[in-house]
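A closer look at the structure
Each chain is listed here by its residues.
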Amino acid sequence: MILLGAIADDLTGATDLASTLRESGMRVVQTIGLPGNHLALPPVDAIVVALKSRSIEPELAVGQSVEAATWLRSLGAGKLIFKYCSTFDSTDRGNIGPVADALLNALGADLTVHCPAFPNNGRTVYQGHLFVGSDLLSESGMRHHPITPMTDSNLPRLLRRQASGDVSLVCHEIVSQGAPAIADAIAAARRAGVRHVVVDALSERHLIDIGLATADLVLVSGSSGIALGIPDSLARQGRFTPNRDPGELRRFAGPSAVLAGSCSRATLGQIAYFKSVPDAASYKLDVAALLDGRDPVDEVMAWASRRLGSKPILIYASETSENVQAILRGYGAGAVDRIEATLGRIAVELHRHGVTRFVVAGGETSGAVVHALGVEALVIGPSIDTGVPWTYATNAKPLAVALKSGNFGSEDFFARALAQQP
Ligand SMILES: Nc1ncnc2c1ncn2[C@@H]1O[C@H](COP(=O)(O)OP(=O)(O)O)[C@@H](O)[C@H]1O
Ligand SMILES: O=C(O)[C@@H](O)C(=O)COP(=O)(O)O
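All figures in this text were calculated on a predicted structure; none of them were measured in a lab.

What counts and how
- Residues numbered from 1 in each chain as written.
- Chains lettered and ligands numbered in written order.
- Predicted model: local features only at pLDDT ≥ 70, side-chain atom pairs only at ≥ 80, totals over all residues.
- Helix = DSSP H or I, 4+ residues; strand = E, 2+ residues; numbered from the N terminus.
- Rg over C-alpha atoms; globule rule 2.2 N^0.38 Å.
- Buried ≥ 20, exposed ≤ 12 C-beta atoms within 10 Å, placed from the backbone.
- Contact = placed C-beta atoms within 7 Å.
- Pairing = 2+ DSSP bridges.
- Arc of directions from axis to C-beta.

Further remarks concern the overall build of the protein. From N to C terminus, the protein includes 15 helices and 18 strands. Against the 2.2 N^0.38 benchmark of 22 Å for 422 residues, the protein shows a C-alpha radius of gyration of 21 Å, consistent with a compact globule. On the principal axes, the C-alpha backbone points of the protein span a range of 65 × 45 × 35 Å. Within the protein, the fraction of its 422 residues that count as buried is 51%. In the protein, the proportion of contacts linking residues at least 24 apart, taken out of those at least 6 apart, comes to 72%.

So this is what it looks like as structure tokens:
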């Protein structure tokens, strides 16, 4: 039996949430999609189901999310989290509003809260407006996102366009008074027939208070920040005792490797830093040659096998956004799938050559790599950086993976991750 279930709309977002729960003393497993019945799981307090539902058709996202919710409830989860991106990645068609509505219906619940704030990564909500650092969401890089361009920062307005039922705001003036004031405001919203309540949050303190104030809600939604207060609120209800070591660092013998397909600014900085580390070796895939039909895997493996075990290695396809745009103009949108598939095949070859620890940069890239490696579920270990833990495959021979959302991690992330797993 589990206490808590979560449905995440992407893989690295799921890992981010799972890591937040683990940091509060929960034993957590993340499944890659909805697992089959055969999957054997260790005893855990929470399960996070990582879907890939952020940008698929709303009907599909709704179907998969409800199926995941039904499974999590059948395992005993008394409370569910719907995790989406801290930049509220969605369009007027969804998928945040439709999925939240469908989950409310499936759970027989009347109201949920929404809070994408993630203060540690600069995402805050003030008067219902989402900020990325000091910029409104609509003035951040997210306004140019290729699939979910965010041109409005007003969360209640965004939700009114996507969801059914009334939307209201619990603003900073109330949130800053603490959990009882937030709970009163939510109760008033419920009496007024509101279905979706956006809650301001500028700090982790606010998020913890929101967790305490929503103890009786069966569904909460937001970024990983929404989970900060939940273990504590379950503990206060006498339902959870934090584990002293909820997912220890596991050390596996064998070499390690970094694979990067993310082209985000943070990842490009991490690659540049890694290349400056004495003794580290890096290999840049010739993406144009790959897309012209030359298979690079044998060449990469010849390069890697000379270094495996003696040096930390990085293999990457990542490029600046101008170069990526040029590749996409030249080779079409299908290019990204071929790059992802190639990194997946390289991961399989490296694993066959004894690599037991992978650091992977990029949400889609991580999906391709864990899929290629046949990973079905990951036990969550200690965090390397905000939102990025070491994780351990439950069904493969010794295999540790650190899946990094493109935007996450400090400059020395790769080197630091590998240093934790010497
Ligand atoms: N040189 C390149 N040119 C074009 N696309 C690339 C290149 N390198 C990687 N990609 C693709 O860019 C995408 C990056 O997305 P993702 O892995 O989700 O990273 P992030 O988390 O930063 O968004 C992947 O689909 C990857 O295959
Ligand atoms: O909430 C967040 O910012 C992350 O958990 C997340 O979902 C990141 O998504 P990608 O940037 O698409 O990896």
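The rest of the description comes next.
Ordered in space as β6-β7-β8, the three strands form an open sheet in which the pairing is antiparallel. At either end of the open sheet lies a strand with only one pairing partner, and these are β6 (123-126) and β8 (135-136).

Okay, helix α14 (residues 363-372) next. Counting buried positions along α14 gives seven out of ten residues, so the element sits mostly inside the fold. By the burial criterion, the buried members of α14 are Gly363, Thr365, Ser366, Gly367, Ala368, Val369 and Val370. The elements touched by buried residues of α14 are α1 (11-23), β2 (28-32), β12 (256-260), α13 (335-352), β15 (357-361) and β18 (400-404). One or two residues past the end of α14 sits glycine 374, with phi positive at roughly 75°.

In this section: the pairing of strand β7 (residues 129-132). Side chains Leu130 and Val132 project from β7 onto a buried face, and the interleaved His129 and Phe131 project onto a face without burial. The pairing of β6 with β7 spans four bridges and is classified as antiparallel. Paired with valine 125 across the two strands is leucine 130, which belongs to β7. When β7 meets β8, the two strands line up antiparallel, connected through two bridges.

Taken residue by residue, helix α15 (residues 413-420) has Phe413, Phe414, Ala417 and Leu418 as its buried positions. The buried residues of α15 occupy an angular sector of 125° when projected down its axis, which confines them to one face. Next to the buried residues of α15 lie β12, α9 (265-276), β14 (313-316), β15, β16 (377-385) and β18.

On to the pairing of β2, then. For β2, the buried fraction is high: five of the five residues fall into the buried class. Every second residue of β2 is oriented toward a common face, with Val28, Gln30 and Ile32 on one face and Val29 and Thr31 on the other, all of them buried. Sheet analysis places β2 next to strand β3 (residues 46-50), joined by five bridges and oriented parallel. Note that in β3 the partner of isoleucine 32 across the bridge is alanine 50. Sheet analysis places β2 next to β16, joined by three bridges and oriented antiparallel. Each residue of the ladder has a partner; that of valine 29, found in β16, is valine 379.

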